[in-house]
Amino acid sequence: MNKFRENPVKRTLFYLVLIIIVIYLLFPFYWAFNSSLKSESQLSMTPATFVPRDPQTKEVDFFWKNYKAIFANGSFIRGIYNSTIVATCTTLLALLAGSFAAFALGKLRFRGKTPSLYIILAMTMFPQVTVLTGLYAVINALNMDAILSMIITYMLFTLPFTTWVLTSFFRELPIEIMQSAQVDGATPFQTFRMILLPLTAPALVTTGLLSFIAAWNEYLFALTFTSIDIKARTIPVAISYFSGQFARQEPFGEIMAAAVVVTIPVVLLVLIFQRRIVAGLTAGAVKG
Amino acid sequence: MRGPSLRRPSYIEICKGGIFVSKKGMSDLAKQEEKLALKLLIPAFLILIIIAVYPLGQVFYASFTDKKFAGTEETNFVGFKNYDKLLSFTIKELPPKIDDETGKQVVDQETGKKVYKSPIYVLPRKPYLYRPINTFKLFGNKYVIGSADSKFISSLWNTMVFTVCSVLLETLLGLLVALVVNSEFKGRGAMRAVMLVPWAVITVVSAKMWEWMFEPSRIGLMNTIFEKIGLGNGNIAFLSMSKFQLPSLIAVDVWKTTPFMALLILAGLQLIPNELYEAARVDGANKVKQFFSITLPLLKPSLAVALIFRTLDALRVFDVFQVMLAQKRYSMASYNYFQLISARNMGKASAVGVIIFILIFVFAVMYIRVLGVETE
């Protein structure tokens, strides 16, 4: 798709659109970063300044103490650690169970396929608040610890998602690939693992990243299940308990600093995996 | 152009050779395939049974009772009463207020507008007290919409407006972003990471951040900018004035979730074989034609799935309403939260949950039908 090489006008237009998109997507995040470098008095300046400035002299003046404060706060670091475990396990489990189910639903023939798809989707159609009491009862009955509770209950929104997206991908994969693999003596499961999974890499990476972020950001379940076990608090819960080292009321600067810091690992994760988003289905594989 | 590989094989093709070629014959083969399918579904359904059956069943059951949350009160079975009360609404004509002396309709001295009787005279009081939600004029008559639970009906309306607007905008923007990111340019790898930043910001924090940006004074970014370009006096109360509330929330949601749509669409674009574009180019089809004859039709399945999950999230929208509007204006889910946590009406809250469930189901079926997605 080298559409923009030929025409300089089109190319300029393309980069213009690109720049507008980047500004639109990043500006609010920049604003969070900007706010995280302001002290209470800098935050309440009118009009708001686009870089942190001293209220009197109007000189550029960064306030780093918000960052120092969050790293001095043990619960923040612990939260990052907990969130990493919870989000990673959730993603892997959802991808594993989801891709198995999706292979069956997208490529195999059996009765009851449509009902199965709808039942899986139905898992996620209630608002979280509504199912919370029921879930809490289940967690208590099974006597799970907080971390495990979060991983399992996050399946409620990640598993239907991975299953549905992957099913739509498997369905589009050419049947010939599987047939030829089978003729070559591969078992159905080998076909799945060695041929289909690599081909669906874009879908796996996409759903994996989106599930990871959903689990990383989840608040309501985490708040409920860590209410007794404070050590298991994930990032969003830890941030919501920030009491503030300097602030009189809500430590807005610290919250913004924390938001900036916890977005970085996710961005790194995307940078590592992004190549795979647009790999996958190679034209050559079909012709083989 | 589209080979037989891209659609589901017909029965004849299955007999000629389905996914798994067997020398023994059809029935054996089918059984083998069905067995494998069931095995593969075990993990997903096991998880589903553990975490979904009881909580979901409990919601359905509680919606037919007057159960209280975290209380010791006795629970009674009330049938459809919760639903009846939540969903009852009526439209009544408002009679004009007649002046006793002249026999004509009273006209307000100051505004010059005709005066009508108060809605409480026409709205039913039994079995529930109906409260007015809104009034409108049609063919010279004035009508009032009243409902037994006016907060719920307006939360339903808010949620619908929010869902339709934000999902539509997110889909269009997401498509644009995905198409841009899918083309070749320097730094596309970094662009893919940039694309996901809004989605990566923790939801609760992002709602707080936007609340700060929408501050009703020039502490907030929006008022600072609006005042600079000459709109407003720098003191627009975006989140208190009802005409700005929903547009503000939609703007936040579109920013936050466009990446979700864009990434799913980008993945869907990878399924479209490049040969199709090459063939179209040979045929002399321009970019716009290629988009409408190749990209869009082949994107339908991925788009449908993305739309289902986006709509599902939008219909359950909670965080932005709860954080930014508190109890000034409800979405269905934040009304649900209010009913459960503040009013402790677990029965009623469950009924709200079931109504959301049914709405989502309707949307999902609609997408699947309209966009022609196969489920079999």
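Residues numbered from 1 in each chain as written. Chains lettered and ligands numbered in written order. Predicted model: local features only at pLDDT ≥ 70, side-chain atom pairs only at ≥ 80, totals over all residues.

Take the overall build of chain B next. When helices and strands are tallied, chain B shows 13 helices and three strands. Relative to the 2.2 N^0.38 estimate, which gives 21 Å for 376 residues, the radius of gyration of chain B is 27 Å and therefore markedly larger than a compact globule would have. Referenced to the eigenvectors of the C-alpha coordinate spread, the extents of chain B come out at roughly 95 × 60 × 45 Å. Counting every position in chain B, which comprises 376 residues, the buried fraction comes to 42%. Taking as baseline every contact in chain B between residues at least 6 positions apart, the subset at least 24 positions apart corresponds to 59%. (Helix = DSSP H or I, 4+ residues; strand = E, 2+ residues; numbered from the N terminus. Rg over C-alpha atoms; globule rule 2.2 N^0.38 Å. Buried ≥ 20, exposed ≤ 12 C-beta atoms within 10 Å, placed from the backbone. Contact = placed C-beta atoms within 7 Å.)

A tally of helices and strands in chain A yields 14 helices and zero strands. Counting from the amino terminus, chain A carries its helices and strands in the arrangement α-α-α-α-α-α-α-α-α-α-α-α-α-α. Against the globule reference of 19 Å for 288 residues, chain A gives a C-alpha radius of gyration of 24 Å, more extended than a compact globule. Along the first, second and third principal axes, the C-alpha set of chain A runs to 80 × 65 × 30 Å. Of all 288 residues assigned to chain A, the portion counted as buried reaches 51%. Taking all contacts inside chain A whose residues are at least 6 apart in sequence as the whole, residues at least 24 apart take part in 76%.

Before going further, it helps to examine the packing of helix 13 (residues 252-277) of chain A against helix 6 (residues 203-213) of chain B. Axis separation between helix 13 of chain A and helix 6 of chain B bottoms out at 10 Å; the angle between their running directions is 130°. Considered as vectors, helix 13 of chain A and helix 6 of chain B are oriented oblique to each other. Where helix 13 of chain A crosses over helix 6 of chain B, the handedness of that crossing is left-handed. For the pair helix 13 of chain A and helix 6 of chain B, contact is made by F252, I255, M256 and A259 of chain A and by V205, K208, M209 and W212 of chain B, respectively. Of the residues belonging to the contact of helix 13 of chain A with helix 6 of chain B, the class tally is seven nonpolar, no polar and one charged. (Axes fitted to C-alpha atoms, helices over the stretch in contact; angles between N-to-C directions. Parallel < 35°, antiparallel > 145°, perpendicular 65-115°, else oblique. Left-handed = near helix turned anticlockwise from the far one by under 90°. Nonpolar A, V, L, I, M, F, W, Y, C, P; charged D, E, K, R; others polar.)

With that settled, consider the packing of helix 4 (residues 150-182) of chain B against helix 8 (residues 242-269) of chain B. All names here are of chain B. At a minimum axis separation of 6 Å, helix 4 and helix 8 run at an interaxial angle of 45°. In terms of orientation, helix 4 lies oblique with respect to helix 8. Between helix 4 and helix 8 the crossing geometry is right-handed. Its residues placed into classes, the contact of helix 4 with helix 8 shows 18 nonpolar, seven polar and two charged.

Right, let's talk about the interface of chain B and chain A for a bit. Contacts between the two partners involve 91 residues from chain B and, on the opposite side, 97 residues from chain A. For the side of chain B that touches chain A, the element with the most residues is helix 2 (residues 26-62) of chain B, which contributes 20 residues. Split into classes, the residues belonging to the side of chain B that touches chain A amount to 63 nonpolar, 17 polar and eleven charged.

Attention now moves to the confidence of the model for chain B. Residues and elements named next belong to chain B. Across chain B, pLDDT averages 82, with 92% of residues at or above 70. Within chain B, no element has a lower average pLDDT than helix 1 (residues 11-17), which sits at 40, and none a higher one than helix 4, at 92. ipTM for the predicted complex: 0.87, alongside a pTM of 0.86. (pLDDT = per-residue confidence, 0-100.)

A few words on the sheet that holds strand 1 (residues 89-94) of chain B. Residues and elements named next belong to chain B. Taken together, three strands build an open sheet; the order of strands is 1-3-2 and the sheet is antiparallel. The sheet is open, and its two borders are formed by strand 1 and strand 2 (131-138), each paired with just one other strand. In this sheet, neighbouring strand axes are inclined to one another by 25° on average, regardless of whether the strands run parallel or antiparallel. Sheet topology note: the strand 1/strand 3 (residues 141-147) ladder contains six bridges and is antiparallel. When the bridges of strand 3 are listed, L94 appears paired with K142. This element, helix 4, spans strand 1, strand 2 and strand 3 of the sheet and lies at about 55° to strand 2. (Pairing = 2+ DSSP bridges.)

Our focus in this paragraph is the confidence of the model for chain A. Where the model shows low pLDDT, its predicted coordinates should not be examined in detail. Residue and element names in this part refer to chain A. For chain A, per-residue confidence averages 85 on the pLDDT scale, and 92% of positions sit at 70 or higher. Averaged pLDDT values for the elements of chain A fall to 39 in helix 14 (residues 283-287) and rise to 93 in helix 4 (residues 74-107). For residues 280-288, every residue scores under 50 in pLDDT, and the model assigns this stretch 17 contacts once sequence neighbours within four places are set aside.

Counting residues in each nonpolar core, the largest one holds 181 residues, and the members touching the most others are A259 of chain A together with I265 of chain B. For this core, the element with the most residues is helix 7 (residues 146-172) of chain A, which contributes 15 residues. Mapped onto the domain boundaries, this core takes at least three residues apiece from domain 1 (11-51) and domain 3 (151-370) of chain B. Apart from the residues lying within four places of it in its own chain, the contact partners of I265 of chain B are G174, L175, A178, L299, S302, L303 and A306 of chain B. (Core = buried A, V, L, I, M, F, W, Y, C linked by C-beta atoms within 7 Å. Domains from an automatic or database assignment.)

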